[in-house]
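Topology and contacts: notes
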Amino acid sequence: MIVYLAKRLGIGLMTLLLASAAVFAVMEILPGDPAQLMLGMNASPDAIEALRQQMGLNDPLVWRYLSWIGGLIVGDFGRSVTYSSPVLDLIAERAVVSLPLALMSLALLVAIAIPVGIFAAARRGRFGDVSVMSITQLGVAVPNFWFALLLVYVFAVWLRLVPSGGFPGWNAGLWPGVKALLLPSIALALPQAAILARVTRGAMLEVLGEDYIRTARAKGMPRNVVLWRHALRNAMIPVLTIIGMQFAFLLAGTLIIENVFYLPGLGRLLFQAITQRDLIVVEGLIMLLVASVIVVNLVVDLAYGVVDPRLRTRQ
Amino acid sequence: MKLTKSLVLATALALIAGAAEAARTDLVVGMVLEPPHLDPTAGAAAAIDEVTYANIFEGLTRIGRAGEVLPALAESWTISEDGKTYTFKLHTGVKFHDGTDLTSEDVKFSLDRARAEGSTNAQKPLFAQIADVAATDPATVTITLKQPQGAFLYNMGWGDAVIVAPESAEGNKEKPIGTGPFKFDNWAKGSSITIVKNPDYWGKAVALDKAEFRIIPDAAAAIPALLSGDVQAFANAPVGDALPQIEGDSRFKVVIGATEGETILSMNNGKAPLNDLKVRQAVNYALNRQEIIDGASNGLGVPIGSHFSPANEAYVDLTGMYPYDPAKAKALLAEAGYPNGFDAKIKLPPPPYARQGGEIIASELRQVGINLEIIPVEWADWLQQVFKDKDYDFTIISHVEPNDIEIYSRPTYYFDYHNDAFNKVIAELDVTADPAKRNQLYKQAQEILAKDAVVGFLFQLPKVGVWDAKLEGMWENTPTPSIDLTEVHWAE
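Values in this document were obtained by computation on a predicted structure and should not be read as measured data.

What follows is about the overall build of chain B. The number of helices and strands found in chain B is 13 helices and 19 strands. In terms of C-alpha radius of gyration, chain B reaches 25 Å, essentially the compact-globule figure of 23 Å for 492 residues. The C-alpha extent of chain B, read off along each of the three principal axes, is 90 × 70 × 35 Å. Looking at chain B residue by residue over its 492 residues, the buried ones come to 56%. The long-range share in chain B, meaning contacts at least 24 apart out of those at least 6 apart in sequence, stands at 68%. Only carbon and sulfur atoms are counted for the fraction: they give 53% of the accessible area of chain B, which is about 19500 Å².

Next up, the structure:
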């Protein structure tokens, strides 16, 4: 187990290193001078040159890469050139929005999708299954920004139950914060839940066709016990894989939802940093996202072992 | 029981009504782009000035809502006979938000810092004519110019020329310390910027106790934010097609104003075939201005025929110089040696006026045989490829700096336009202070540009202000980038 973990960590670090080089290279190739961008169209060339010097843009490429990597190793992500504050602070400010949002969406998505998937699988081909599956088909097809706007118009503009967007900050209290994240998490979770429900149903159907299910039923076990104890546990592997992928998506891929609800999350920070050519913020953020995907995958792998003891011994 | 219930209800209603009667003193203003930082002396982003100009920071002079020059920190000034020495008398008792006094030393520091070698002021040319700044006594500043400069007082009113203190200047990006009627309170990055009333302000106190600039990047989110009352004003609302919906709602006031943004179809004068006057004239004849205005600005833009704001008193209407005439355009192209037209590229930056205008212009130019390949580019890309490297044929952009006709005289500017006659007019303008003579020169400059068909002059970028019908004092136009809240108040 420990050997396995060490191996996984090693692979993870290699991935991070490769990602850092790739990110750095891409940001170098990207056209656009950050100094020119900040000073705009009326700036004199000497002012731009002075700013370039200040921002360290005139240092040699390899030197900049090495000093950046060196900083990362000791936990120094550098300073944002546009905001002129430490990158890690910027990320931390945004993570307190994105992380709770991702977790709320994840909880919502699992709570909806798994029971629905099981329900549909248990009633395969019958009315319940068909109607649930057509609704999930709709859920997969509806673009989430459109769904988000629909929610805003109903719950914020018409019913005035929640704010139309924005985030008051956690120091305004727990409830105002949760309230601000309510609609966004629903808008994020439902389309994802539709996908997960379909995966759950598929995985369940496969397992339900196995011999041991028939045996369990034949020896007189109640239907529900067979469904939840025998079938679900065995169907969890593909479901966990999808959940892991969805969590990574919820953490980083929420740009559109963050725009619709004007939430100051990680997705918006990334977008702003790219348009402002705040290279060091983009690089730091991507490294963090890569790291979080690696960690999520590791957690999912470990979870496989929990649901299926056979995988534990094989490792 | 029933009686008590209705009594409670009546009392509650009375309380709510009573609370609503006292005029509100808070305001939430929506804005699309977040400022990268809050130091107007170190960046060109309009969003910086929108938040800070006149609210947090003040200069010697200021630009008023009609574009006029008004006294600000300088209560008065005298100009020497030769027009080279300006003596400013400062208001006394002015304090920065950190409690330090404003003196002539701060003025000297601010102007010297802006014009110093290694300065990163985005409008450094504004200070180019200053030869010396002297703090004669604590309340007097004497500025000597290299040569008389007609626009000097106007230049000192720009956001980039505001007065900062040496103790706090370095921290202004994060925590701006100015002398204005509002103090910086809080910046929740990505979300909002809050300013509060400055109780120690030297001038007339503002009506608002607190104002929040809330960043709403998505146009689709702006409308529900207004409709739900979360945001009570947009100085420049990204409403697009939803304008009729807002106009029909009596809770809101919609004010169409003017900006200083001359929106133009820029052409690369240094590159064939656009280096040929006939070709550029042909392009101008092929443009249907009204169609472009309808498509790219919801019909709200004011047509222009040169690089000048119609709101300015020196404006000459030159829109009739090249009327829409595709036949004439074709004839001119044939004369220039392109009877079958030519292929070219148009690079479009992200604003909707450019992207939508580009589609329309491409289809108009196709009618006369010019086939445009449309290349959408990001803003940073645009600055690099088009503005800096001059790697373009056509582009569409709004030049938002006020009174910026002189850009056509800059030798390395991206138009690659060189005309000695024009440069002479601009040079003369620079040393002329007499308003009547300046207007005359401005007129000449406009005419030369129009005749040379340097670019396709399209329209003045409109400003669609939307705010609560009970809100008063917002600026209708944008003579300089600012969401000036100093006169904003709620009607009783």
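A few words on the overall build of chain A. Scanning chain A for helices and strands turns up 14 helices and 0 strands. Considering only C-alpha atoms, chain A reaches an extent of 85 × 55 × 35 Å along its principal axes. Here chain A holds 315 residues, and the buried ones make up 49% of them. Excluding contacts between residues fewer than 6 apart, the proportion of contacts in chain A whose partners are at least 24 apart in sequence is 73%. Working note: accessible area of chain A is about 15200 Å², and carbon and sulfur atoms make up 71% of it. The average position of the 24 basic charges and that of the 17 acidic charges among the side chains of chain A differ by 19 Å.

By a widespread convention, an interface's size corresponds to the accessible area lost as its parts come together. Residue and element names in this part refer to chain B. When cut into domains, chain B gives domain 1 (26–33 + 175–257 + 463–490), domain 2 (68–163) and domain 3 (260–461). The C-alpha centroid of domain 3 is placed 32 Å from the C-alpha centroid of domain 1. Counting residues at the interface gives 8 residues for domain 1, matched by 5 residues for domain 3. At the boundary of domain 1 with domain 3, total buried surface from both sides reaches about 480 Å², with 55% on carbon and sulfur atoms.

All names here are of chain A. Following both chains from N to C, one finds helix α12 (residues 266–275) and helix α13 (residues 279–307) inclined at 145 degrees, their axes separated by 8 Å at the closest point. For α12 against α13, the interelement crossing comes out left-handed. Of the residues in α13, those touching α12 at L266, L269, L270, A273 and I274 are V281, V282, L285 and I286. Grouping the amino acids of the contact of α12 with α13 by side-chain chemistry returns 9 nonpolar, no polar and no charged.

On to the interface of chain B and chain A. Listed as interface residues are 53 residues of chain B and, on the opposing side, 44 residues of chain A. The contact between chain B and chain A buries some 3800 Å² in all, and 55% of this surface belongs to carbon and sulfur atoms. Seen at the junction of chain B and chain A, the total is 3 salt bridges. Residue D46 of chain A pairs with K124 of chain B through a salt bridge whose shortest N-O separation is 2.5 Å. For the interface between chain B and chain A, the tally reads 10 residue pairs in polar contact (both at pLDDT 80 or more).

What follows deals with the nonpolar core. Membership of the largest hydrophobic core comes to 75 residues, with the highest contact counts inside it found for M204 and F261 of chain A. Ranked by residues supplied to this core, first place goes to helix α8 (residues 174–208) of chain A with 13 residues. Within the second largest apolar cluster, 70 residues are counted, among which are A329, L348, I361 and I397 of chain B.

The next subject is the sheet that holds strand β4 (residues 74–79) of chain B. Residues and elements named next belong to chain B. Within the open sheet, the 4 strands sit side by side as β4-β5-β7-β6. Their pairing is antiparallel. Two strands lie at the open edges of the sheet, namely β4 and β6 (130–137), each paired on one side alone. Each strand axis lies, on average, 20 degrees off the axis of its neighbour in the sheet, ignoring direction. As judged from the 6 bridges shared by β6 and strand β7 (residues 140–145), these two strands associate in the antiparallel manner. Paired with D137 across the bridge in β7 is T140.

Residue and element names in this part refer to chain A. On the surface, R123, R126, R217 and R223 cluster together to form a positively charged patch. Within the secondary structure, R217 sits in helix α9 (residues 211–218). The partly exposed category is assigned to R217, whose relative accessible area is 39%.

Counted according to the given criterion, the structure contains 23 salt bridges over all chains. With a shortest N-O distance of 3.3 Å, D211 of chain A and R214 of chain A are connected by a salt bridge. Taken together, the positions of D211 of chain A and R214 of chain A, both in helix α9 and 3 residues apart, correspond to about one turn of that helix. The same class applies to D211 of chain A and to R214 of chain A, which are both exposed. Each member of the salt-bridge network shares a partner with another, and the members are D33 and R52 of chain A together with K388 of chain B.

Residue and element names in this part refer to chain B. All buried positions along helix α8 (residues 289–296) are accounted for by R289, I292, I293 and A296. Buried residues of α8 fall within an arc of 100 degrees about the axis and therefore sit on the same side. Tucked into the core, α8 has its buried residues touching β13 (302–303), α10 (352–366) and β17 (456–468). Of the residues trailing α8, N298 is marked for its positive phi of about 55 degrees.

Residues and elements named next belong to chain B. Taken as a whole, this structure holds 25 aromatic pairs over all chains when the rule is applied. Relative to Y414, the ring of W382 has its centre 5.7 Å away and its plane inclined at 70 degrees; by these criteria the two rings are edge-to-face. Remark: Y414 occurs in the loop between β16 (394–399) and α12 (420–431) and W382 occurs in helix α11 (residues 379–388); sequence separation between them is 32 residues. Here W382 matches Y414 in class, with each residue buried. Of the aromatic side chains, those joined through ring pairs into one cluster are W379, W382, F387, Y392, Y408, Y413, Y414, F415, Y417, F422 and F457. Geometry around W490 places R24 over its ring, the cationic atom sitting 4.5 Å from the centre.

Residues and elements named next belong to chain B. The buried fraction of β17 is high, at 13 of 13 residues. As paired elements, strand β11 (residues 233–234) and β17 share 2 bridges and run antiparallel to each other. Residue pairing for β17: A233 is matched across the bridge by W467. With 11 bridges joining them, strand β12 (residues 252–267) and β17 adopt antiparallel strand pairing. Each residue of the ladder has a partner; that of L265, found in β17, is G456. Two elements, β13 and β17, share 2 bridges in a ladder whose sense is antiparallel. In the sheet register, P303 faces β17, and the bridge partner there is F459.

The rules behind each value
- Residues numbered from 1 in each chain as written.
- Chains lettered and ligands numbered in written order.
- Predicted model: local features only at pLDDT ≥ 70, side-chain atom pairs only at ≥ 80, totals over all residues.
- Heavy atoms only, no water.
- Helix = DSSP H or I, 4+ residues; strand = E, 2+ residues; numbered from the N terminus.
- Rg over C-alpha atoms; globule rule 2.2 N^0.38 Å.
- Buried < 20%, exposed > 50% of the residue type's maximum accessible area, 1.4 Å probe, protein only.
- Contact = heavy atoms within 4.5 Å.
- Areas by Shrake-Rupley, 256 points an atom, 1.4 Å probe, with all protein chains shown as cover.
- Lys, Arg positive; Asp, Glu negative; His and termini not counted.
- Charge placed at Lys NZ, Arg CZ, Asp CG, Glu CD.
- Domains from an automatic or database assignment.
- Buried area = accessible area lost by both parts, 1.4 Å probe.
- Axes fitted to C-alpha atoms, helices over the stretch in contact; angles between N-to-C directions.
- Left-handed = near helix turned anticlockwise from the far one by under 90°.
- Nonpolar A, V, L, I, M, F, W, Y, C, P; charged D, E, K, R; others polar.
- Salt bridge = Lys/Arg side-chain N within 4 Å of Asp/Glu carboxyl O.
- Polar contact = N/O pair within 3.5 Å; in protein donor to acceptor, adjacent residues only side chain to side chain.
- Core = buried A, V, L, I, M, F, W, Y, C linked by side-chain atoms within 4.5 Å.
- Pairing = 2+ DSSP bridges.
- Patch = residues over 30% accessible without salt bridge, like charges linked within 9 Å, V, L, I, M, F, W, Y side chains within 5 Å.
- Arc of directions from axis to C-beta.
- Phe/Tyr/Trp six-rings, centres within 6.5 Å; stacked < 30°, edge-to-face > 60°.
- Lys NZ or Arg CZ within 6 Å of the ring centre and 35° of its normal.

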